[in-house]
Amino acid sequence: LVGIYTNRHGERWELQLKGSGKTPYSRKGDGRAVLRSSVREFLCSEAMHYLGIPTSRAASIVVSDDNVWRDQFYNGNIKKERGAIVLRLAKSWFRIGSLEILAHSGELDLQRKLLDFIIQEHFPSIAMSDSNRYLEFFSTVVSETANLIALWMSVGFAHGVCNTDNFSLLSITIDYGPFGFMESYDPNFVPNTSDDERRYKIGNQANVGLFNLSKLLQALKPLLDPRQKQLASQILEGYGEHYYRRFTELFKTKLGLLGDNEDDNYLIAFLLKVSLLC
């Protein structure tokens, strides 16, 4: 993260470099990026923006003279590729993992400070004086995550690596890696060649979203009283209904269906099944 930029419309964007080298979070990686993946991120993030899907955006690509070694298909065939750095923007780069890691290490005071900062900066509808602000925050993230994944499904987008570290607390699409778009409907479509277990197949994205939100709730529980914990669990149980309702709305719009008809859901399911058979 290199700073925050405020544009002429008063919008604040956090600027981040991808591929500039190692950070404290690089683990065993080299912190570099190749030109191939950098161009893909630039193009897809802009495409998602103009499709009306909440997303980070790419401002520039700088090509490096350094060589980067990558096993593109995870088959042991390592090749030398041209390096690149992407300057990408988002309203926030905080993820579910940002809170999860603090809860896991028992740094509850720091977690509370970070959560209050996130709410104050990015959730203006939530009053900081509200004793239920963490509950309201969780409720918003649950509903907006359901909306985001429904939008992904409406355009056949598979993220590829839907772990808690790649799920934005602002429910925007971030961290474009081995993503892909379905050419034809296939719920088992997997763009990530290293995902042997098909955990992140496109038909499982809604379930993985629920799993990640359950991890968020687990991280928040030390900051909630018993009543709030019970209410938060009820909010999480409503995730499926949020997702299904938004999914149905989007596909009815795609089909040009007006009003409500009890057969609408059957028609949507039938057409998807027909697409699978074709």
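Since the structure is predicted, the reported quantities are computational estimates derived from the model, not experimental observations.

### Remarks on the overall build of the protein
Here is step 1 of the chain: Helix and strand counts for the protein come out as 8 helices and 7 strands.
Here is step 2 of the chain: By principal-axis analysis of the C-alpha atoms, the protein measures approximately 55 × 55 × 40 Å.
Here is step 3 of the chain: The 278 residues of the protein split such that 41% are buried.
Here is step 4 of the chain: Across the protein, contacts joining residues at least 24 apart in sequence account for 60% of those joining residues at least 6 apart.
Here is step 5 of the chain: Entry remark: accessible area of the protein is about 15500 Å², with carbon and sulfur atoms responsible for 52%.
Here is step 6 of the chain: Charge separation in the protein, taken as the distance between the mean sites of 32 positive and 32 negative side-chain charges, equals 5 Å.

### Describing the packing of aromatic side chains
Here is step 1 of the chain: Using the criterion set out here, one finds 11 aromatic pairs in the structure.
Here is step 2 of the chain: Taking the centre distance of 5.7 Å and the plane angle of 85 degrees together, the rings of Tyr176 and Phe179 count as edge-to-face. Like Phe179, Tyr176 is buried.
Here is step 3 of the chain: For the ring pair Tyr243 and Phe247, a centre distance of 5.8 Å and an interplane angle of 35 degrees mean the geometry is tilted. Residue Tyr243 and its partner Phe247 are located together in helix 7 (residues 239-255), separated by 4 residues, close to a single helical turn.
Here is step 4 of the chain: On the basis of relative accessible area, Tyr243 is assigned to the buried category, the value being 14%.
Here is step 5 of the chain: Among the aromatic residues, ring-to-ring pairing joins Trp152, Phe157, Phe167, Tyr176, Phe179 and Phe181 into one connected group.
Here is step 6 of the chain: Seen from the ring of Trp13, Lys91 lies directly overhead, with NZ or CZ sitting 4.9 Å from the centre.
Here is step 7 of the chain: Just above the ring of Tyr134 sits the side chain of Arg133; from NZ or CZ to the centre is 4.8 Å.

### Focus: the nonpolar core
Here is step 1 of the chain: Phe137, Trp152 and Leu216 are the most contacted members of the largest nonpolar core, which totals 52 residues.
Here is step 2 of the chain: Considering each element in turn, this core owes the most residues, 13 residues, to helix 4 (residues 133-154).
Here is step 3 of the chain: In this structure, this core is formed jointly by two domains, domain 1 (3-90) and domain 2 (96-254), each of which donates at least three residues.
Here is step 4 of the chain: Sequence-distant contacts of Trp152, defined by excluding residues within four places in its chain, comprise Met48, Ile53, Phe157, His159, Cys162, Phe167, Thr173 and Gln205.

### Considering the packing of helix 2 (residues 96-104) against helix 5 (residues 205-220)
Here is step 1 of the chain: At their nearest, the axes of helix 2 and helix 5 sit 9 Å apart, and the two run at 40 degrees to each other. It follows that helix 2 is oblique to helix 5 by the angle criterion. Along this stretch, helix 2 crosses helix 5, giving a crossing that reads as left-handed. From helix 2, Ile96, Leu99, Glu100 and Ala103 reach across to helix 5, where they touch Asn212, Leu213, Lys215, Leu216, Ala219 and Leu220.
Here is step 2 of the chain: Residues of the contact of helix 2 with helix 5, tallied by class, amount to 7 nonpolar, 1 polar and 2 charged.

The rules we used
Residues numbered from 1 in each chain as written. Predicted model: local features only at pLDDT ≥ 70, side-chain atom pairs only at ≥ 80, totals over all residues. Heavy atoms only, no water. Helix = DSSP H or I, 4+ residues; strand = E, 2+ residues; numbered from the N terminus. Buried < 20%, exposed > 50% of the residue type's maximum accessible area, 1.4 Å probe, protein only. Contact = heavy atoms within 4.5 Å. Areas by Shrake-Rupley, 256 points an atom, 1.4 Å probe, with all protein chains shown as cover. Lys, Arg positive; Asp, Glu negative; His and termini not counted. Charge placed at Lys NZ, Arg CZ, Asp CG, Glu CD. Phe/Tyr/Trp six-rings, centres within 6.5 Å; stacked < 30°, edge-to-face > 60°. Lys NZ or Arg CZ within 6 Å of the ring centre and 35° of its normal. Core = buried A, V, L, I, M, F, W, Y, C linked by side-chain atoms within 4.5 Å. Domains from an automatic or database assignment. Axes fitted to C-alpha atoms, helices over the stretch in contact; angles between N-to-C directions. Parallel < 35°, antiparallel > 145°, perpendicular 65-115°, else oblique. Left-handed = near helix turned anticlockwise from the far one by under 90°. Nonpolar A, V, L, I, M, F, W, Y, C, P; charged D, E, K, R; others polar.

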